[in-house]
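So the chains spell out like this:
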Amino acid sequence: MRKLLLHLRREWYAYLILIVTSIVVLLPLAMAFIGSTHDDATIGAGRMPFWPGKHALENYARAWVKGAEYGAVSVRKLMLNSFIMAFFIAAGKVILAITTAYAIVFFHFPFRNLVFAVVLVTIMLPLHVRMFQTYQIASQFRLLNTYIGLILPWVVSTTGVLLFRGCLRAFPKELLEAAKIDGAGPIRCLWSVVLPMLRPHIAALFVVMFLYGWNQYLWPLLITTKPEMQTVPIGLVRMLGGPEAATEWGVVMASTVICLTVPIIVVLFGQRHLIRLAEIGK
């Protein structure tokens with residue numbers, strides 16, 4: 001106990017910064033949760049108290065099953081669309097980044113460096129720059145209002161290729177040579193030797209890219225015109241699209257709280273690998 005008090009006394013400023021930062025970050029979330037338990041009249045009148053109300057079950061059930069009046073889409077449908085989009089974007093980025101970096105580092109083929117240079121140049125041309133052309137291609141291939149159209153343009157990750165290329169260049173090649181002597185082919189070496197060593201990097205990239213896909217707004221806004229294909233950011237914004245007096249604030253805040261659960265769960269599950277990656281970086 002004495003050691004703990006001495007540690008707190010010596011590092012008090014770090015804990016003070018941590019407490020203040022936590023309050024700043026968590027206060028809006030706490031207000032959203034409290035607002036989700038009150039009725040629309042209380043919130044709209046600006047008289048919302050700082051403690052939960054009696055309408056939590058009503059608001060959350062309405063948000064999950066039906067959604068707000070002007071949203072016209074239930075939260076479970078919005079979350080399903082966003083989860084499918086975010087999961088396959090993250091998985092696709094990880095798979096393509098690993099296989100590309102693996103081929104560039106360990107395979108000797110003509111113009112290998114040129115191929116990597118071309119991949120590197122694409123980082124200066126993000127999707128937002130070529131949004132119009134991408135939309136035209138998606139429209140011509142009839143990918144509007146489809147999961148493939150939501151996912152495919154975002155699958156390639158130059159950042160992931162750079163990350164895994166740096167990791168694989170420092171990878172001990174003796175392990176691969178020993179695996180080849182035992183009769184393992186390129187795919188077997190990748191699966192049994194390389195991937196287990198890159199698990200923290202894979203988890204870190206997956207978490208970052210999942211959140212990246214979950215929070216996408218502009219591309220889903222362009223490519224989806226049917227309400228049932230809306231994602232979370234679009235659905236939440238459209239819940240506020242009606243007259244302010246008619247906005248169902250309780251349902252909107254309940255929808256926001258529900259939609260926050262998936263990113264939080266993903267970060268919590270990937271936290272162990274993120275900490276391990278930070279330790280490796282040290």
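Residues numbered from 1 in each chain as written. Predicted model: local features only at pLDDT ≥ 70, side-chain atom pairs only at ≥ 80, totals over all residues. Heavy atoms only, no water.

S.K.: Got a minute to help me understand the environment of L96 in this structure?
M.R.: Within the secondary structure, L96 is located in helix α5 (residues 75-106). Apart from residues no more than four positions distant in its own chain, L96 is found in contact with V155 and V156. (Helix = DSSP H or I, 4+ residues; strand = E, 2+ residues; numbered from the N terminus. Contact = heavy atoms within 4.5 Å.)

S.K.: I keep staring at the nonpolar core and nothing clicks. Help me out?
M.R.: The nonpolar side chains of a soluble globular protein tend to be buried with one another. Counting residues in hydrophobic clusters, the biggest one holds 49 residues, and the most contacted among them are M79, L168 and V194. The residues contacting V194, other than those within four sequence positions of it, are Y102, L168, F171, L176 and C189. With 13 residues, the next largest nonpolar core counts I84, M131, A138 and L143 among its residues. (Core = buried A, V, L, I, M, F, W, Y, C linked by side-chain atoms within 4.5 Å. Buried < 20%, exposed > 50% of the residue type's maximum accessible area, 1.4 Å probe, protein only.)

S.K.: Honestly, the pattern of salt bridges in this entry has me stumped. Any pointers?
M.R.: Any two side chains of opposite charge can pair if their charged atoms end up close together. Tallying each qualifying case throughout the model produces one salt bridge. When the shortest N-O distance is used, the salt bridge between E248 and R62 registers 3.1 Å. With E248 in the loop between α14 (232-238) and α15 (249-281) and R62 in helix α4 (residues 56-65), this residue pair connects regions lying 186 residues apart in the sequence. (Salt bridge = Lys/Arg side-chain N within 4 Å of Asp/Glu carboxyl O.)

S.K.: When you look at the packing of helix α6 (residues 112-121) against helix α9 (residues 158-169) in this model, what are you seeing that I'm missing?
M.R.: Axis angle and axis distance: for two packed helices, these are the angle between their axes and the distance between the axes, and together they describe the pair. Closest axis-to-axis distance for the α6/α9 pair is 9 Å, and the angle between their directions is 135°. When the interaxial angle is binned, α6 and α9 end up oblique. The way α6 lies across α9 gives a crossing that is left-handed. Between α6 and α9, the contacting residues are F116, V119 and L120 on the first element and T158, V161, L162 and R165 on the second. A breakdown of the residues in the contact of α6 with α9 according to their chemical character gives five nonpolar, one polar and one charged. (Axes fitted to C-alpha atoms, helices over the stretch in contact; angles between N-to-C directions. Parallel < 35°, antiparallel > 145°, perpendicular 65-115°, else oblique. Left-handed = near helix turned anticlockwise from the far one by under 90°. Nonpolar A, V, L, I, M, F, W, Y, C, P; charged D, E, K, R; others polar.)

S.K.: I tried to follow unusual backbone geometry on my own but got confused; where do I start?
M.R.: Trans peptide bonds make up the majority, and among non-glycine residues the majority have a negative phi. A positive phi angle is found at R142, which is not glycine, with a value near 60°. Locating R142 in the fold gives a position in the loop between α7 (131-140) and α8 (147-151). The phi dihedral of N145 is positive, around 60°, even though this residue is not glycine. Here N145 is to be found in the loop between α7 and α8. On the accessibility criterion, N145 (16% relative accessible area) is buried.

S.K.: I tried to follow the packing of α5 against α9 on my own but got confused; where do I start?
M.R.: Running from N to C, α5 and α9 cross one another at 45°; their axes reach a closest spacing of 8 Å. The orientation of α5 with respect to α9, classified from their angle, is oblique. α5 and α9 meet at a crossing whose hand is right-handed. Of the residues in α9, those in contact with V94, A97, I98, T100, A101, Y102, I104, V105 and F106 of α5 are G160, V161, F164, R165, L168 and R169. Split by residue class, the contact of α5 with α9 holds eleven nonpolar, two polar and two charged.

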